[in-house]
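Survey of secondary and tertiary structure
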Amino acid sequence: MATETEDYTQPVLPGRGGSDYERYLRTDELLELQKTPGERAHHDELLFQTVHQSSELWLKLAWNEVEEATKHLEAGEVAPALRLLRRANLCLQLIHGQLDMLEQMSPWEYTKWIRPVLGHGSGFDSPGFRELRRVAPALGQAFHKLRRDAGLSVADVYVKGREHEDLYQLAEHVIELDERLIVWRMRHYKVVARVIGDEVVGTQGTPVELLGGLIKQKLFPELWQARNELTELAKQEG
Ligand code: HEM
C-alpha cells in the first residue's frame with residue numbers, strides 16, 4: 001500500500017495566514033495591533049506601543065503563573081509552585097529590561113507628538129499590573145497557611161531554613177516577586193522623570209512625585225518585616 005507523504009508547505013491549522021506559524025501565533029492579528037505609519041503621530045509610536053504591548057503580555061504570563069502557583073500551594077504542592085513562581089519573577093525581570101528602550105525616545109518628541117495622542121491613558125489602568133495585584137494576596141495567604149501548619153512564624157522559616165528547605169525556598173520566591181515589582185517601579189519612576197520630568201502631572205492628573213511614593217508599597221510586608229526581626233534576634237543571641 002502506498003503511503004501518502006505529507007506536504008509540509010501547506011498549513012493544516014484553521015485561521016488567518018499562509019502558514020501554520022502565522023495561524024497558530026495569530027501574527028496577522030498581532031501585527032495589526034500597532035498603528036500603521038499613516039496613523040502614527042510620530043515615528044516613535046511603534047517603539048512606545050511595542051514596549052507597552054509586550055509588557056502587557058509578560059504581565060499576563062506573570063499573573064497566570066502566580067495564580068497557578070497559588071493553586072499548587074493550596075494543594076500542599078510546593079515544588080511545582082516554585083517552578084511557576086520562577087517564571088513569574090523572570091517575566092518581571094524582562095519588563096524591567098524593556099524600560100531601557102523608552103529612553104531611546106527624545107523627551108521633546110515624546111511630549112510634543114506622542115503624549116497628546118494618549119488621551120487619558122495611564123499605567124494605572126494596566127490590566128497586567130492590576131491582575132498581578134489581584135492575585136498576589138492569595139499567594140501570600142497560601143504561603144502563610146503552609147508555614148502556620150508547620151508551626152512556624154515567618155522568622156522561623158529563616159531561622160530553621162535548613163530543616164524546612166521547601167518553605168524557605170518558597171518564602172524567597174515570594175519576596176523576590178515583591179522585590180522585582182518594587183525595582184520595576186523604581187526604574188519606571190526614573191524613566192518617567194527622564195522623559196517627562198519629575199515635577200509634572202501624568203495623563204490622569206497624578207503628580208509624578210506620587211509615583212516615587214508608590215515605590216514604598218509592598219505586596220508581602222511581613223516577609224520584609226521578618227528581616228528586621230531576624231536582625232534583632234541575632235543581636236539578642238549575640
Ligand atoms: C515614556 C514612558 C512612560 C511614561 C512617560 C510613563 C508615565 C507614567 C505616569 C506619569 C504615571 C502616573 C500615572 C499617570 O498619571 O498616568 C505612570 C504610571 C504607571 N505606568 Fe507608566 N509611563 C511610561 C511607561 C510605562 C510602561 C512601559 C509601562 C508598562 C506596563 C508602564 C506602566 C505603568 C504602571 C503600571 C503605572 C502605575 C504605577 C504603579 O502602580 O506603580 N508605564 N506612568
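For the structure, see preceding data.
Residues numbered from 1 in each chain as written. Predicted model: local features only at pLDDT ≥ 70, side-chain atom pairs only at ≥ 80, totals over all residues. Heavy atoms only, no water.

So, about the packing of helix H6 (residues 127-149) against helix H8 (residues 165-195). Here H6 crosses H8 at 155°, and the two axes come no closer than 11 Å. Considering the angle they form, H6 stands roughly antiparallel to H8. Seen along the crossing, H6 lies across H8 with a hand that is left-handed. Between H6 and H8, the residues in contact are Phe129, Leu132, Arg133, Leu139, Phe143, Leu146 and Arg147 and Leu167, Leu170, Ala171, Val174, Leu177, Leu181, Trp184 and Arg185, respectively. When its residues are assigned to classes, the contact of H6 with H8 shows twelve nonpolar, no polar and three charged. (Axes fitted to C-alpha atoms, helices over the stretch in contact; angles between N-to-C directions. Helix = DSSP H or I, 4+ residues; strand = E, 2+ residues; numbered from the N terminus. Parallel < 35°, antiparallel > 145°, perpendicular 65-115°, else oblique. Left-handed = near helix turned anticlockwise from the far one by under 90°. Contact = heavy atoms within 4.5 Å. Nonpolar A, V, L, I, M, F, W, Y, C, P; charged D, E, K, R; others polar.)

So, on to unusual backbone geometry. Excluding glycine, residues mostly carry a negative phi; peptide bonds, for their part, are mostly trans. The phi dihedral of arginine 26 is positive, around 50°, even though this residue is not glycine. Looking at the secondary structure, you find arginine 26 in the loop between helix H1 (20-25) and helix H2 (27-31).

The biggest cluster of nonpolar side chains holds 56 residues, and the ones touching the most others in it are Val66, Leu73, Leu102, Leu132, Leu139, Leu170 and Leu223. Every element with two or more residues in this core is listed here: helix H3 (45-74), helix H4 (78-102), helix H5 (107-114), H6, helix H7 (154-159), H8, helix H9 (208-214) and helix H10 (221-237). (Core = buried A, V, L, I, M, F, W, Y, C linked by side-chain atoms within 4.5 Å. Buried < 20%, exposed > 50% of the residue type's maximum accessible area, 1.4 Å probe, protein only.)

Right, let's get into the packing of aromatic side chains. On inspection of all chains with the given rule, the structure shows three aromatic pairs. Judged by centre distance (5.6 Å) and plane angle (80°), the rings of tyrosine 158 and tyrosine 168 are edge-to-face. On the criterion of sequence distance, the pair formed by tyrosine 158 in helix H7 and tyrosine 168 in helix H8 is long-range, its members being ten residues apart. For tyrosine 168, a relative accessible area of 21% corresponds to the partly exposed category. Looking at arginine 134, its charged tip hangs above the ring of tryptophan 63, at a distance of 5.5 Å from the centre. Sitting above the plane of the tyrosine 168 ring, arginine 162 keeps its charged end 4.6 Å from the centroid. (Phe/Tyr/Trp six-rings, centres within 6.5 Å; stacked < 30°, edge-to-face > 60°. Lys NZ or Arg CZ within 6 Å of the ring centre and 35° of its normal.)

No other protein atom reaches the iron atom of the ligand as a donor apart from His188 (NE2), found 2.1 Å away. Among the structural elements, histidine 188 can be located in helix H8. (Donors = N, O, S within 2.8 Å, 3.2 Å for Na, K, Ca; no water.)

Turning to the site of the ligand, a few remarks are in order. Contacts to the ligand come from 25 residues, most closely from His52, Ser122, Arg185, His188 and Gly202. Here threonine 203 contributes a side-chain N or O atom positioned 3.3 Å from an oxygen atom of the ligand. Interatomic distance of 3.4 Å between a side-chain N/O atom of threonine 206 and an oxygen atom of the ligand. Secondary-structure elements contributing two or more residues to the shell around the ligand are H3, H4, H6, H8 and H9. A per-class count over the shell around the ligand returns 14 nonpolar, nine polar and two charged. (Near = heavy atom within 4 Å. Polar contact = N/O pair within 3.5 Å; in protein donor to acceptor, adjacent residues only side chain to side chain.)

One can find tryptophan 63 in helix H3. Through-space distance from the C-alpha of tryptophan 63 to that of isoleucine 196 is 29 Å; in sequence the pair is 133 residues apart. Dropping the residues within four chain positions of it, tryptophan 63 is found in contact with Gly128, Glu131, Leu132, Arg134 and Val135.

Let's shift gears to the pattern of salt bridges. Tallied over the full model, the rule gives 17 salt bridges. In this structure, arginine 26 and glutamate 29 form a salt bridge, with 3.6 Å as the shortest nitrogen-oxygen distance. Here arginine 130 makes a salt bridge to aspartate 125, at a shortest N to O gap of 3.1 Å. Judged by its relative accessible area of 39%, aspartate 125 falls in the partly exposed class. The network of salt bridges with shared partners includes Asp100, Glu103, Arg187 and Arg194. (Salt bridge = Lys/Arg side-chain N within 4 Å of Asp/Glu carboxyl O.)

The subject of this paragraph is the packing of H8 against H10. H10 packs onto H8 with a crossing angle of 105° between their chain directions and a minimal axis gap of 9 Å. Here H10 runs roughly perpendicular to H8, going by the angle between their axes. Of the residues in H10, those touching H8 at Ala171, Glu172, Val174, Ile175, Asp178, Glu179 and Ile182 are Leu223, Trp224 and Arg227.

Okay, the side chain of glutamate 45 next. With respect to the helices, strands and loops of the structure, glutamate 45 is situated in helix H3. At 2.9 Å, the side chain of glutamate 45 forms a polar contact with the side chain of lysine 35. Leave out the neighbours within four places in its chain, and glutamate 45 touches Lys35, Glu39, Arg40, Ile114 and Val117.

Here glutamine 98 is to be found in helix H4. Glutamine 98 gets classed as buried once you look at its relative accessible area, which sits at 18%. A distance of 3.1 Å separates the side chain of glutamine 98 from the side chain of serine 55, its partner in a polar contact. Residue contacts for glutamine 98: discarding those within four places in its chain leaves Val51, Ser54, Ser55 and Trp58.

Take it as geometry only, folks, not as evidence of what the structure does.
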